[in-house]
Amino acid sequence: YISVTGVQTCALPILLHCVGGCGLGMTMTLSPVEPGSNVAVWGGGPVGLSAVQGARIMGASTVILVEPIKARRDLALKLGATHVFDPNAEGDGLVPKVKDLCKGTNRVLSGGRNDTRNRAQLAAAVGPDFVIEAVGYDRTKPKVEAGPDPTGIQPLQQVWQVTPTAGHLCTCG
């Protein structure tokens, strides 16, 4: 507490460091999230959690976080994520679950994308409007829950698989 002219106030240092700016920047400038859109974030470290906050600030209706560490998943729910997934528990079913949560995003009249079909007549526009990858790789063995792939290659493949034809993908890990 700091006393200024006899009045006690609480001084909280507020910093927007480079890591927080990176996560916010991915959802606010590089992939400008629109109100009502669906956002999926892979990685719940400082960059990923900042991306979750940025998506919520920009008005995303669905914010999905994929993170193996339970404490980070719990924190993401407090910071604005609507759904969280553990990639270890979901396994091969992770990509279909994320895509299933993002069905019905046909908002053509409000700037959304149309439900276009690809050459195989599959709905190419099913999936999150914006996908953020902030995973990286494990330099050392984690002291808490480890992800399914310490190299970070599997999460990168998953973000490419979940991104629809007209979606936005931003990687930084």
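For the structure itself, look to the data block above.
Residues numbered from 1 in each chain as written. Predicted model: local features only at pLDDT ≥ 70, side-chain atom pairs only at ≥ 80, totals over all residues. Heavy atoms only, no water.

Engineer: What is the right way to look at the overall build of the chain in this model?
Structural biologist: Within the chain, the regular secondary structure consists of six helices and seven strands. Tracing the chain from N to C terminus, the helices and strands come up as β-β-α-β-α-β-α-β-α-α-β-α-β. Residues classed as buried in the chain amount to 39% of the 173 residues present. Element-wise, carbon and sulfur atoms account for 58% of the exposed surface of the chain, whose accessible area totals about 9800 Å². (Helix = DSSP H or I, 4+ residues; strand = E, 2+ residues; numbered from the N terminus. Buried < 20%, exposed > 50% of the residue type's maximum accessible area, 1.4 Å probe, protein only. Areas by Shrake-Rupley, 256 points an atom, 1.4 Å probe, with all protein chains shown as cover.)

Engineer: What am I meant to see in the nonpolar core here?
Structural biologist: Among soluble globular proteins, nonpolar side chains are generally buried collectively. Formed by 18 residues in total, the largest nonpolar core has its most connected members in V39, V41, V52, A60, V63 and I132. Residues contacting I132, with those up to four places away along its chain left out, are M26, T27, S31, V39, A40, V41, W42, A51 and C170. One finds I64, C102, V131 and V162 within the second-largest nonpolar core, a separate group that totals twelve residues. (Core = buried A, V, L, I, M, F, W, Y, C linked by side-chain atoms within 4.5 Å. Contact = heavy atoms within 4.5 Å.)

Engineer: How should I be thinking about the environment of L77 in this particular structure?
Structural biologist: Locating L77 in the fold gives a position in helix 3 (residues 70-79). Between the alpha carbons of L77 and V63 there is a distance of 9.4 Å; along the sequence they are 14 residues apart. With residues up to four places along the chain from it excluded, the contact list for L77 reads T82, H83 and V84.

Engineer: Would you explain helix 5 (residues 94-101) in this entry?
Structural biologist: Quick reminder: α-helices carry 3.6 residues per turn. Residues three or four places apart thus point the same way. Among the residues making up helix 5, those that are buried are L94, V95 and V98. The arc enclosing the buried residues of helix 5, seen along the axis, measures out at 95 degrees, which places them on a common side. Elements that come into contact with the buried residues of helix 5 comprise strand 3 (38-42), strand 4 (62-66), strand 5 (83-85), helix 4 (87-90) and helix 6 (153-162). (Arc of directions from axis to C-beta.)

Engineer: How should I be thinking about the pairing of strand 4 in this particular structure?
Structural biologist: The side chains of a regular strand alternate between the sheet's two faces. Extensive coverage of strand 4 is indicated by the burial of five of its five residues. Side chains of strand 4 alternate between two faces, with T62, I64 and V66 and V63 and L65 buried alike. For the segment spanning strand 3, helix 2 (residues 46-57) and strand 4, crossover handedness is right-handed. Examined bridge by bridge, strand 4 and strand 5 share three bridges and lie parallel to one another. For V66, the partnering residue across the bridge sits in strand 5 and is F85. Crossover connection from strand 4 via helix 3 to parallel strand 5: handedness right-handed. (Right-handed = clockwise from strand over helix to strand, strands pointing away. Pairing = 2+ DSSP bridges.)

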